[in-house]
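# Fold and geometry: a report
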Amino acid sequence: MCRFLSIFFTFLLFLGSKATASGGGNNCSLTLRVIGIIGGVFDDTRRVGKEQKVAMEMALADFCHSKKLQLELIFSRGSSAAIELIDSKKVQAIVGTMNAQEAAIFSEINKNIKDITIISLTSPAIIPPLMGKQLPNFLQMSSHITLHLQCLAAIVSHFRWRKVTAVYEHDNGLSSDSGIVTLLSEKLKDIDSEIEYHLAFPSLSSLTNPESVIELQLNKLKSRSNRVFIIVKSSLKLAIMMFEKAKQMGMMEKGYVWIVADDIASCLDSVDSSVLGNMEGVIGFRTHFNDTKHLFKQFKFRFLRKYGSEYPEEEEYSNLSIFALRAYDATWAIAQAMELSENHTNWKHISGIIQSSNSEGLSGKIRFENNRLWQLPTFEVVNVVSDGYRKMAFWSPEFGFSEIHDKSNGSLVDLGPIYWPGGMKNVPKGWATCDADRPLKIGVPAKGAFDQFVRVTFDQGDNRTYVTGFSINVFEAVVKHLPYNFPYVLVPFFGTYDDMVKQVSYKALDAAVGDTEIMSDRLQYAQFSHPYVDSGLVMVVTLKSEKYNLTWMLKVFTLHMWLLIISMHMLVCFVVWLIERRANTDFQGFGDMLWFSVTVIFNAHREPLKSGIARFVLGPWLFVILIVISTFTASLTSKMTISRLQPSVLDVETLKSSNAGVGCNGNSFIVRYLIDVLHFKPENIKSIKSINDYPEAFETGEIKAAFFVEPHANVFLAKHCEGYTKTGHSFQLGGFGFAFPKGSALAFDMSEAILKVIESGEMRQLQANLISSSNCSSSDSNGANSEIPPGPFVLIFSIPGGIAAVFGLFVAFRRVEENSQILNRIQVYLTRRGIMKLFFKDKHFIKHLIRQNGPRKSKRDTGRRKKKTQWEEMSNLKRIYRRKFPNFQKIEFKIW
């Protein structure tokens, strides 16, 4: 029922609008009171212009019907007709595609334009800063251009493309299209990206043979290596022809990236499937509006009917866009303002009423601030797939990317999976090898003292200059990890390193590569990549001999090692003495054991071992002694030769106090560092041109020390490893890096690629190759000066130690067992005397011995036995023990 009433109401409005039509305009019922005339400036040859024209007619009809007022709508094609509308048609307000620059120029021609309210429907809005004072009645019915470009930059940043190509269509009007490219370049710089190339297409209406011109321009894009194309501004008709031709030329295949802005993406609902088929893989963003409201659904139904009736050739694809909704809202806002200001003779009050209003329209919140829409937009990021498109995410200035079901969620969103051109699944790199690109001029130092890092040679045979070395190898490895093509040519530079960095600042060189130190004063001229090698300033001096010191003998082993050797030796010798002392007369006293422990070390002992067990215990230990003595001899010999070499100069202060000469590469920053930071006198600093000149300078006494950056010092010591060493403190520096012009996005890409080379281990291998060509290290002296701990000897010590411990316990237990009989006799005697109570409390022990070992007694003798005296009992016990233990006779008992 509601749908029927809606159709019926639309039909009545349609008949009313036809009945009141006159000339080139549209007005309300002839019986109503006329309150104003509104001018419409559109290009009705374009899809967007047609939608806006129909929407304005519907807005005026709806307003006149609801307010019972009369308004007249007059259309004109092109912004230049605005003056005619004001002078001839006496319009009080204008709605259309006139931009701010055109309005400012027309106001100089016709002063009346300043008093006319103008609502511009161009998207996006570009309003100069002083527009509010020049044209206070000029309003922009869209969000600012910077928000659109910020969304473009966010998409580029999400996929990490460092270089893009900007494409736009020239406007026949008076606007400056290149200004959009400048603004986009500024936004891309914030994300460390840049516009590598930009291309302008002529206005489609100015071309007699548009297909050939489009093909010519696309060939320019195809000839370059960059494959990320951003269509910043274009009419829908040009975009359709451009993508059709691009597909024919193979520019919609794998590796290409196409991004379209709001003016094209918002019209995707209005094109047929063949156009969408040519645009497969394109990414775009469009202004989001609420299409679920009941009023919108009613308006959409009416709009499609009216648009289909006026443009039957486009009836099948007559879906409306945000541009039609804004045209409807703008016309309604002006009509409402005219109603409120009809008592005023000055029509400039219309603008003030509109700017003070705050209402809800079909396109969203209608509120103006600083001559443009106040509400920040929300964009839908879409991806064209087959004969349609897929919504991937929302983007807003407040929250960035968010899920499509929750546009206020600020969480990180993965814009995938995405259908890329050619059906590619992975994110395209955005570049391809191309011969048309101008190679970058990369400066390399030609007069460096260490040609191991950069070596420049000229071959007269083929008339070519070759640049090699460690730094060049690193640069080539880093370039391989860049996500785009990087054509370059190495240019030898014969000045100082500081001058080379300045040439990068002056744009005479695009970059500088080599063993260039990152210094704070150089950062004033150029931007450096992440250091590919850490660095510090170190001092290299000669070695001198040191006097022999007897304490080195004790320092061969650590204190724990000495204690372990002594304790193990005494344990083994004690066990051998314990085994031999009963059967061998040479092992009677404790002194014999000590003498044996000394003589056995040198294999000079005269005491023969009679027990096989003793030989078994001593054998493994003699093998260990042999190993320990050999280790001691080798380490002591090393200490007496190598470790006696010590640095000839210990620190920087000694050099300065003695006014000694110091050498360095006069072509580098070290000269300036020694004077300004370390405060050396300039006359004491000697310039050394080559790594091979340093030994001669040391020998002649010209210099007492040489200062190198640490990578150079390592190479020097690897080549001249005998007689030189690093000493003193290392002064931390920034490291070696590549120099680029300030603000260059290439520095960020190079830094990222350098980290990949470092993390992959490739940098470590390049450094190893740098040293291996002349590999000899002075680090052996460090090993000679170290003391040997007991750790390496634990296993071989445990074998003889375990054997000695086992047999030592065995012999000890045997001795205790042999002496247990004597102890028992003593216990019996002491027990009988009553003294053993303190040590042995079992009184039944003696009675048991007498009962078991004594003579048999008859019952008759029992009474007599009880009467024996204490002396008789003791005699009887003595007789029993003499019979049981033969050695008991040697013991003399005394009555206590």
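Residues numbered from 1 in each chain as written. Predicted model: local features only at pLDDT ≥ 70, side-chain atom pairs only at ≥ 80, totals over all residues. Heavy atoms only, no water.

## Quick word on the overall build of the protein chain
Broken down by element type, the protein chain carries 32 helices and 31 strands. Burial analysis of the protein chain (896 residues in total) assigns 47% to the buried set. Counting contacts in the protein chain only where the partners sit at least 6 residues apart, residues at least 24 apart contribute 73% of the total. Of the roughly 44700 Å² of accessible surface on the protein chain, 55% is carried by carbon and sulfur atoms. (Helix = DSSP H or I, 4+ residues; strand = E, 2+ residues; numbered from the N terminus. Buried < 20%, exposed > 50% of the residue type's maximum accessible area, 1.4 Å probe, protein only. Contact = heavy atoms within 4.5 Å. Areas by Shrake-Rupley, 256 points an atom, 1.4 Å probe, with all protein chains shown as cover.)

## A look at the packing of aromatic side chains
What the rule picks out here adds up to 34 aromatic pairs. Ring centres 5.7 Å apart and planes at 25 degrees place the aromatic pair Phe303 and Tyr307 in the stacked group. Taken together, the residues span about one helical turn, with Phe303 and Tyr307 both in helix α12 (residues 294–310) at a distance of four residues. Members of the aromatic cluster, connected to one another through ring pairs, are Phe453, Phe470, Phe475, Phe486, Tyr488, Tyr532, Phe736 and Phe738. We note Lys53 situated over the ring of Phe75; from NZ or CZ to the ring centre the distance is 5.0 Å. Over the ring of Tyr197 we find Arg224; its NZ or CZ atom is 4.3 Å from the centre of that ring. (Phe/Tyr/Trp six-rings, centres within 6.5 Å; stacked < 30°, edge-to-face > 60°. Lys NZ or Arg CZ within 6 Å of the ring centre and 35° of its normal.)

## Let's talk about the environment of Thr725
With respect to the helices and strands, the residue Thr725 is situated in strand β30 (residues 724–732). On the basis of relative accessibility, which here comes to 18%, the residue Thr725 falls in the buried class. Taking the C-alpha atoms as reference points, Thr725 and Gln646, 79 residues apart in sequence, are found 8.7 Å from one another. Once you skip the residues sitting within four places of it in the chain, Thr725 turns out to touch Met539, Val540, Val541, Leu543, Pro647 and Leu717.

## Overview of helix α8 (residues 210–222)
For α8, with 13 residues, the first-to-last C-alpha span of 18 Å sits near the 18 Å given by 1.5 Å per residue. Three or more residues of α8 are buried, namely Ile214, Gln217, Leu218 and Leu221. Down the axis of α8, the sector holding all buried residues measures 100 degrees, keeping them to one side. Each element contacted by the buried residues of α8 is listed here: β7 (163–169), β8 (194–201), β9 (228–233), α9 (236–248) and β10 (257–260). (Expected span 1.5 Å × (residues − 1). Arc of directions from axis to C-beta.)

## Structural notes on the side chain of Lys245
Mapped onto the elements, Lys245 comes out in helix α9. Buried and unpaired, Lys245 has no salt bridge, with Glu215 as the nearest side chain of opposite charge at 4.0 Å. Those residues in contact with Lys245, other than ones at most four positions away along the chain, are Glu211, Ile214, Glu215 and Leu218. (Lys, Arg positive; Asp, Glu negative; His and termini not counted. Salt bridge = Lys/Arg side-chain N within 4 Å of Asp/Glu carboxyl O.)

## Considerations on the nonpolar core
Ranked by internal contacts, the top residues of the largest apolar core, which has 79 residues, are Ile38, Leu71, Ile119, Leu218, Phe243, Met251 and Trp258. Among the elements that make up this core, the one with the highest residue count is helix α13 (residues 322–340) (eleven residues). For Ile119, the contacting residues outside a window of four places in its chain are Ile94, Val95, Gly96, Leu139, Met141, Ala330, Ile334 and Ile354. (Core = buried A, V, L, I, M, F, W, Y, C linked by side-chain atoms within 4.5 Å.)

## A few points about the side chain of Gln52
Within the secondary structure layout, Gln52 lies in helix α2 (residues 47–67). With relative accessibility at 1%, the residue Gln52 sits in the buried group. Leave out the neighbours within four places in its chain, and Gln52 touches Phe42, Thr97, Leu121, Phe323 and Ala327.

## A closer look at the packing of α2 against α12
The geometry of α2 relative to α12 is characterised by a closest axis approach of 10 Å and an angle of 120 degrees between their N-to-C directions. As summarised for this structure, α2 and α12 are arranged oblique, according to the angle between their axes. As α2 runs across α12, the sense of the crossing is right-handed. The segment α2 lies against α12, with Arg47, Lys50, Glu51, Lys53, Val54, Ala55, Glu57, Met58 and Asp62 engaging Phe299, Arg302, Phe303, Lys306, Tyr307 and Glu310. (Axes fitted to C-alpha atoms, helices over the stretch in contact; angles between N-to-C directions. Parallel < 35°, antiparallel > 145°, perpendicular 65-115°, else oblique. Left-handed = near helix turned anticlockwise from the far one by under 90°.)

## Focus on helix α16 (residues 497–505)
Among the residues of α16, those classed as buried are Tyr497, Asp498, Met500, Val501 and Val504. Buried residues along α16 cover an arc of 160 degrees about the axis, so they all sit on one side. The secondary structure elements touched by the buried residues of α16 are β19 (440–445), β22 (488–493), β23 (511–512), β24 (527–528), α22 (670–676) and β31 (739–740). Two residues or fewer past α16, Lys507 is found with a positive phi of approximately 65 degrees.

## Focus: the sheet that holds strand β11 (residues 283–287)
A sheet is described by the order of its strands in space; here eight strands give the open sequence β8-β7-β9-β10-β11-β16-β17-β18, paired in mixed fashion. Bordering the open sheet on either side are β8 and β18 (400–402), each of which pairs with just one other strand. Direction aside, the axes of adjacent strands within the sheet are offset by 30 degrees on average. Bridge count for β7 against β8 is seven bridges, and the pairing is parallel. Each bridged residue has a counterpart across the sheet, and for Tyr168 the counterpart in β8 is Ala200. (Pairing = 2+ DSSP bridges.)

## Focus on the pattern of salt bridges
In total, this model carries 22 salt bridges according to the counting rule given. Put simply, Glu360 and Lys365 hold a salt bridge, and the shortest N to O gap is 3.7 Å. Judged by relative accessible area, which is 32%, Lys365 ranks as partly exposed. Linked through salt bridges whose partners overlap, the residues forming this network are Lys53, Glu57, Lys306 and Glu310.

## Focus on the pairing of β11
Counting buried residues along β11, five of its five residues qualify, which places the element largely inside the surrounding structure. Along β11, one buried face is formed by Ile283, Phe285 and Thr287 and the opposite face, lined by Gly284 and Arg286, is buried too. In this sheet, β11 lies alongside β10 in parallel orientation, the contact comprising two bridges. Along β11, the bridge assignment pairs Val260 with Gly284.

## Here we look at the environment of Ser611
Tracing the backbone shows Ser611 in the loop between α19 (590–599) and α20 (612–641). In this structure the C-alpha to C-alpha distance between Ser611 and Glu580, which are 31 residues apart in sequence, comes to 6.5 Å. For Ser611, the contacting residues outside a window of four places in its chain are Ile579 and Glu580.

## Here's the deal with the packing of helix α15 (residues 470–479) against helix α26 (residues 762–772)
Across the interface, α15 lies against α26 with an axial gap of 10 Å and an inter-helix angle of 160 degrees. Classed by the angle they form, the pair α15 and α26 counts as roughly antiparallel. As α15 runs across α26, the sense of the crossing is right-handed. Listed contacts from α26 to Phe470, Asn473, Val474 and Ala477 of α15 are Glu762, Met763, Leu766, Gln767 and Leu770.

## Let's talk about unusual backbone geometry
The phi torsion at Arg160 lies on the positive side, around 60 degrees, for a residue other than glycine. Residue position: Arg160 is located in the loop between α6 (145–158) and β7. Positive phi values are uncommon outside glycine, yet His679 reaches one of about 65 degrees. As for its placement among the helices and strands, His679 is situated in the loop between α22 and β28 (685–687). A relative accessible area of 56% means that His679 is categorised as exposed.

## Quick word on the confidence of the model for the protein chain
Mean pLDDT for the protein chain: 78, with 76% of residues reaching 70 or above. For the protein chain, per-element mean pLDDT is lowest for helix α1 (residues 2–20), which scores 40, and highest for β10, which scores 95. Confidence drops under pLDDT 50 across residues 1–25; counting only partners more than four residues distant or on other chains, this segment forms 24 contacts. Within the model, the stretch residues 835–846 combines pLDDT values under 50 with eleven contacts to residues more than four positions away or in other chains. (pLDDT = per-residue confidence, 0-100.)

## Some words on the environment of Gly663
Among the secondary structure elements, Gly663 is positioned in strand β27 (residues 662–664). What makes Gly663 buried here is its relative accessible area of 0%. Spatially, the C-alpha atom of Gly663 lies 6.3 Å from that of Phe707, the residues being 44 residues apart in sequence.

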